[in-house]
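These are the residues of each chain, in order.
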Amino acid sequence: MSSHPHIVLPWVVRRTRLPLLALRCVACPSGHATTGNGRFRVNANGKLLHVWLLVGCVSCGRTGKLTVHERVPVRSLPAGLLAGYSANSPSLVAATLLDPLIARRNRFALDWDGCWELRRTKLGFSFVLM
Ligand SMILES: [Zn+2]
């Protein structure tokens, strides 16, 4: 049986804003984009849907699109998810941006500089909130 002491760190890491995307701009030398307030674009082509998350270059403001769903049957997406895209749900924007599969598909990395803070907790136990 293990007798390792259980160490509880009295700190929390808290996200203060969404990270920037390390993504090359096609119009200027900038290498960063932001989701800003978070906007999805949904296009229907017959029974197929295309969903993008819009991003803007932090330097020139040029809008780019991250592919979230590409030519998927309308019925394959839960109604709640579709409603979230239509409403530009902030939690859905965050979940989409932080999804590693979407990052890989769209070839961007996240830049977490200045997006988090470390706080000491009063109760002496820690949570990681994302
Ligand atoms: Zn740019």
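Refer to the structure presented above.
Note that the coordinates shown come from a computational prediction; the quantities given were computed from them, not determined experimentally. (Residues numbered from 1 in each chain as written. Predicted model: local features only at pLDDT ≥ 70, side-chain atom pairs only at ≥ 80, totals over all residues. Heavy atoms only, no water.)

Chemist: Tell me what's going on with the nonpolar core, and back it up with residues and numbers.
Modeler: Inside soluble globular proteins, nonpolar side chains tend to come together where they are buried. Counting residues in each nonpolar core, the largest one holds 16 residues, and the members touching the most others are Leu-21, Leu-23, Phe-40, Leu-66, Val-68 and Phe-108. Beyond its immediate stretch of four places on either side in the chain, Leu-23 contacts Ser-30, Gly-31, His-32, Ala-33, Val-55, Leu-66, Asn-106, Arg-107 and Phe-108. (Core = buried A, V, L, I, M, F, W, Y, C linked by side-chain atoms within 4.5 Å. Buried < 20%, exposed > 50% of the residue type's maximum accessible area, 1.4 Å probe, protein only. Contact = heavy atoms within 4.5 Å.)

Chemist: Tell me about the coordination of the zinc ion, and please be specific about residues and values.
Modeler: Around the zinc ion, the protein contributes the donor atoms Cys-25 (SG), Cys-28 (SG), Cys-57 (SG) and Cys-60 (SG), which lie 2.3 Å from the metal centre. Taken together, the four donor atoms coordinating the zinc ion and their angles of 105 to 115° define a geometry best described as tetrahedral. Expressed as a motif, the donor residue spacing for the zinc ion is C-x2-C-x28-C-x2-C. (Donors = N, O, S within 2.8 Å, 3.2 Å for Na, K, Ca; no water. Tetrahedral: all angles 85-135°; square planar, octahedral: opposite > 155°, others 65-115°.)

Chemist: Please give an account of the pattern of salt bridges that cites residues and values.
Modeler: Between side chains of opposite charge, a pair can form when the charged atoms approach closely. Applying the stated criterion across every chain, the model contains two salt bridges. Note that Arg-14 and Glu-117 form a salt bridge whose closest N and O atoms lie 2.9 Å from each other. In this pair, Arg-14 sits in strand β1 (residues 11–15) while Glu-117 sits in strand β7 (residues 116–120), placing the two residues 103 residues apart along the sequence. Overall, Arg-14 belongs to the partly exposed group, its relative accessible area being 31%. Here Glu-117 makes a salt bridge to Arg-119, at a shortest N to O gap of 3.0 Å. For Glu-117, a relative accessible area of 23% translates into the label partly exposed. Each of Arg-14, Glu-117 and Arg-119 takes part in a single network of salt bridges with overlapping partners. (Salt bridge = Lys/Arg side-chain N within 4 Å of Asp/Glu carboxyl O. Helix = DSSP H or I, 4+ residues; strand = E, 2+ residues; numbered from the N terminus.)

Chemist: Please set out the packing of aromatic side chains residue by residue, giving values where relevant.
Modeler: Tallying each qualifying case throughout the model produces one aromatic pair. Between Phe-40 and Tyr-85 the ring centres are 4.8 Å apart and the planes differ by 65°, which places this aromatic pair in the edge-to-face class. With Phe-40 in strand β3 (residues 32–45) and Tyr-85 in helix α1 (residues 79–86), this residue pair connects regions lying 45 residues apart in the sequence. Note on accessibility: Phe-40 and Tyr-85 belong to one class, buried. Here Lys-65 stacks its cationic end above the ring of Trp-52, 4.0 Å away from the centre of that ring. (Phe/Tyr/Trp six-rings, centres within 6.5 Å; stacked < 30°, edge-to-face > 60°. Lys NZ or Arg CZ within 6 Å of the ring centre and 35° of its normal.)

Chemist: Residues and numbers for unusual backbone geometry, please.
Modeler: The phi dihedral of Asn-88 falls on the positive side, at around 50°, and the residue is not glycine. As for its placement among the helices and strands, Asn-88 is situated in the loop between α1 and α2 (90–97). Classification of Asn-88 by relative accessible area gives partly exposed; the value is 25%. Within the chain, Arg-107 stands out as a residue other than glycine whose phi angle is a positive 55°. Counting through the fold element by element, Arg-107 comes out in the loop between α3 (100–106) and β6 (109–111).

Just distances and angles here, no functional claims.
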